[in-house]
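One-letter residues, chain by chain:
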Amino acid sequence: MGVHKNTEQMIAGIGRFTPLDARDRDMWARLVRFCAYEPRAFERDPKVGHVTASAFVLSPDLTSVLLTHHAKLDRWLQLGGHCDGIQDACFNATKEAYEESGLSRIRLLAHEVFDVDVHEIPASAKEPAHLHYDVRYLFVAEAGEPTASEESHALAWVPLDQLAEEAESVAVVARKWPLWRERLDL
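Residues numbered from 1 in each chain as written. Predicted model: local features only at pLDDT ≥ 70, side-chain atom pairs only at ≥ 80, totals over all residues. Heavy atoms only, no water.

*Asks:* Before we go on, may I ask you to explain the pairing of strand β2 (residues 64–70) in this structure?
*Replies:* Residues in a regular strand project their side chains so that they alternate between the two faces of the sheet. Within β2, seven of the seven residues are buried, which leaves it mostly tucked inside the rest of the structure. The alternating pattern of β2 places S64, L66, T68 and H70 on one face and V65, L67 and H69 on the opposite face, and all of these are buried. With seven bridges joining them, β2 and strand β8 (residues 152–159) adopt antiparallel strand pairing. What sits directly across from T68, in β8, is L155. As paired elements, β2 and strand β3 (residues 75–77) share three bridges and run antiparallel to each other. Bridge pairing links T68 to L77 in β3. Hairpin connection of β2 to β3: four residues between the antiparallel strands, including D74 at a positive phi of 55°. (Buried < 20%, exposed > 50% of the residue type's maximum accessible area, 1.4 Å probe, protein only. Helix = DSSP H or I, 4+ residues; strand = E, 2+ residues; numbered from the N terminus. Pairing = 2+ DSSP bridges.)

Following this line, the structure appears as structure tokens:
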């Protein structure tokens, strides 16, 4: 399997990412390599893995993040989901944030990718174990009350300073937010 011609188009559908450390560089390199060699990277194919899109939605006062207790995975996670063939990760993250949060207005804080996380999804009765190449964006809630969707057991505003107890996949928002806040001049 060789590099396919749509790699640049796929990366354009993800956006710009500035790695902050070795973890970021590794995750970005894995995502770019996957897009270079997998022509169906944005499709939902558990045999090869796929690009997913997530939203870290901050509270209006910028001190908490909205997490969902995911029904299938039985874990607290950021909002997000599959791209289902749409090669616009930011659009997908925005759509998933609205669908899963019940909020009536959220605002993207930066068009740049906030984080990339490559992680394994465990096997289920319907799908083998596979990788999610998760592209994450940063939002702020502006209106509405969180209401859990059918994909979730519950939603909760979790203070950023309490995220150390969560998996690194979620806790990364607390680690990176101070650097981004300064950069965004908020």
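Further notes follow.
*Asks:* Quick question: what am I supposed to make of the environment of A164 here?
*Replies:* Position of A164 relative to the elements: it lies in the loop between β8 and α4 (168–184). Sequence spacing of A164 and R175 is eleven residues, and the spatial spacing of their C-alpha atoms is 8.9 Å.

*Asks:* Hey, could you run me through the layout of surface pockets in this one?
*Replies:* Empty space among the atoms can be located by rolling a probe the size of a water molecule over them. Its volume calculated, the largest pocket comes out at about 880 Å³. Along the wall of the largest pocket there are 38 residues; nearest its centre are H70, L73, H82, I121 and H132. Contributing elements (two or more residues each) for the lining of the largest pocket: β1 (50–58), β2, β3, β4 (79–82), α3 (89–101), β6 (115–121), β7 (130–143) and α4. Among the residues forming the lining of the largest pocket, the class breakdown is eleven nonpolar, 13 polar and 14 charged. (1 Å grid on protein atoms, 1.4 Å probe; cavity = no way out; pocket = protein on both sides within 12 Å on 5 of 7 lines; lining within 4 Å. Points joined across faces, edges and corners; volume = space filled by probe spheres on them. Nonpolar A, V, L, I, M, F, W, Y, C, P; charged D, E, K, R; others polar.)

*Asks:* How should I be thinking about empty space enclosed by the protein in this particular structure?
*Replies:* Counted according to the given criterion, the structure contains one cavity of 30 Å³ or more. The space that makes up the largest cavity amounts to roughly 40 Å³. Together, T68, H70, E100, S149, E151 and S152 line the largest cavity. Taken together, the residues of the lining of the largest cavity sort by class into no nonpolar, four polar and two charged.

*Asks:* When you look at the pattern of salt bridges in this model, what are you seeing that I'm missing?
*Replies:* As a working rule, side chains carrying opposite charge can pair if their charged atoms are close by. Here the structure, examined in full by the defined rule, presents 16 salt bridges. The salt bridge involving D21 is made with R175; its shortest N-O contact spans 3.0 Å. Taken together, the residues D21 in the loop between α1 (7–12) and α2 (22–37) and R175 in helix α4 connect sequence positions 154 residues apart. A relative accessible area of 36% places R175 in the partly exposed class. Residues D24 and K176 are paired through a salt bridge, measuring 3.0 Å at the closest nitrogen-oxygen approach. In this pair, D24 is assigned in helix α2 and K176 in helix α4, connecting sequence segments 152 residues apart. For the pair shown, D24 and K176 are each scored as buried. (Salt bridge = Lys/Arg side-chain N within 4 Å of Asp/Glu carboxyl O.)

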